[in-house]
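# Fold and geometry: a report
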Amino acid sequence: LMPGSEKYLFAFSQEAGLNISQVNLVIEDISWYRVRNDDNLKILSSLVAEDEFFERQNQSTIVGFTIKNMTPYDFWATGWQVVLYQGQNPIAVNYLTTNNFLSLSEREVQVTWFNDLPTPSKIDIIADIDILSDEVFMKRDFGPGQPKGLDFR
C-alpha cells in the first residue's frame, strides 16, 4: 500500500457460518521501506480508469470502463478493484486483471455480476499493482507503445 493511496481488502468465495455484523482488521506483521521520490506515486496516478458505465442485461449487471496506461512502462498484469456503492455502503465488489498492459495504450474492459444489482450512486475503480516489484514490469528493447507488426494481445 503506497503512501496516500487506497486499497480495498476483500476475499471472494469465503463462507461465513453466521451473519457478520462487525469486522476488525488486525495487522500482525509490517514490512516497509522508505521510498525516496514520488516517481512510484506518479505511476499509480497514471493508471487511469474513466468513462465507466452501468447496465443490466439478461439478469446480469455489467460495469464497463476504459483503462489507460499513461506511464512509460509496460505491465505484465494489472489488477482493477471495482466497488459499487449505494450512498456510503458498498453493495458489490469485483476484480479484473488485464494482461500485457502496454505503455500509452488504452482498453475498454468490463466486469460482470450474474444477478441484478440496484443502480449504484457511485462506482469506485482502483488500479491494483505492486509497482515496487520488478516482476510486474515487462522488459523490452524498443520505445514506448507497441512496435509495428508485433501483437502482444
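Whatever comes next refers back to the structure up there.
About the thresholds
- Residues numbered from 1 in each chain as written.
- Predicted model: local features only at pLDDT ≥ 70, side-chain atom pairs only at ≥ 80, totals over all residues.
- Heavy atoms only, no water.
- Salt bridge = Lys/Arg side-chain N within 4 Å of Asp/Glu carboxyl O.
- Helix = DSSP H or I, 4+ residues; strand = E, 2+ residues; numbered from the N terminus.
- Pairing = 2+ DSSP bridges.
- Axes fitted to C-alpha atoms, helices over the stretch in contact; angles between N-to-C directions.
- Phe/Tyr/Trp six-rings, centres within 6.5 Å; stacked < 30°, edge-to-face > 60°.
- Buried < 20%, exposed > 50% of the residue type's maximum accessible area, 1.4 Å probe, protein only.
- Lys NZ or Arg CZ within 6 Å of the ring centre and 35° of its normal.
- 1 Å grid on protein atoms, 1.4 Å probe; cavity = no way out; pocket = protein on both sides within 12 Å on 5 of 7 lines; lining within 4 Å.
- Points joined across faces, edges and corners; volume = space filled by probe spheres on them.
- Nonpolar A, V, L, I, M, F, W, Y, C, P; charged D, E, K, R; others polar.

### Some remarks on the pattern of salt bridges
For the structure shown, the criterion picks out three salt bridges. Here Lys-68 makes a salt bridge to Glu-50, at a shortest N to O gap of 2.6 Å. Placement of Lys-68 in strand E2 (residues 60-69) and of Glu-50 in strand E1 (residues 47-57) is noted, with a sequence separation of 18 residues between them. The partner of Lys-68 in a salt bridge is Glu-106, with the nearest N and O atoms 3.8 Å apart. Highlighted residues: Lys-68 in strand E2 and Glu-106 in strand E5 (residues 105-113), separated in sequence by 38 residues. In the salt-bridge network here, residues are joined through shared partners; they are Glu-50, Lys-68 and Glu-106.

### Topic: the sheet that holds strand E6 (residues 122-128)
The three strands are arranged E4-E3-E6 in an open sheet whose pairing can be described as antiparallel. Of all the strands in the sheet, just strand E4 (89-101) and E6 have a single pairing partner and so form its edges. The mean inter-strand angle of the sheet, taken between neighbouring strand axes irrespective of direction, is 20°. Here strand E3 (residues 75-86) runs beside E6; their pairing, made up of seven bridges, is antiparallel. Of the residues in E6, the one forming a bridge with Leu-84 is Ile-123.

### Side note on the packing of aromatic side chains
Scanning all chains against the criterion turns up four aromatic pairs. For the ring pair Tyr-73 and Phe-137, a centre distance of 5.3 Å and an interplane angle of 70° mean the geometry is edge-to-face. Residue Tyr-73 is found in the loop between E2 and E3, and its partner Phe-137 is found in the segment after E6; the two are separated by 64 residues along the sequence. The exposure class assigned to Tyr-73 is partly exposed, which follows from its relative accessible area of 37%. The exposure class assigned to Phe-137 is buried, which follows from its relative accessible area of 14%. Aromatic side chains Trp-80 and Phe-101 sit 6.3 Å apart centroid to centroid with 70° between the ring planes, which places their arrangement in the edge-to-face category. Residue Trp-80 is found in strand E3, and its partner Phe-101 is found in strand E4; the two are separated by 21 residues along the sequence. For Trp-80, a relative accessible area of 1% puts it in the buried group. Put simply, the rings of Tyr-73, Phe-75 and Phe-137 touch in pairs and so form one group of aromatic residues. Over the face of the ring belonging to Tyr-85 we find Lys-122, whose NZ or CZ atom lies 4.8 Å from the ring centre.

### Quick notes on the sheet that holds E1
With respect to topology, three strands assemble into an open sheet ordered E1-E2-E5, the strand pairing being antiparallel. At either end of the open sheet lies a strand with only one pairing partner, and these are E1 and E5. Looking at each pair of strands side by side, their axes are set apart by 20° on average, direction ignored. Note that E2 and E5 share nine bridges and pair antiparallel. Within E5, the residue paired with Ile-62 across the bridge is Thr-112.

### What to know about the layout of surface pockets
The volume enclosed by the second largest pocket comes to roughly 180 Å³. Taken together, Leu-1, Lys-7, Leu-9, Leu-25, Val-26 and Ile-27 make up the full set of residues lining the second largest pocket. Residue composition of the lining of the second largest pocket, grouped by class: five nonpolar, no polar and one charged.

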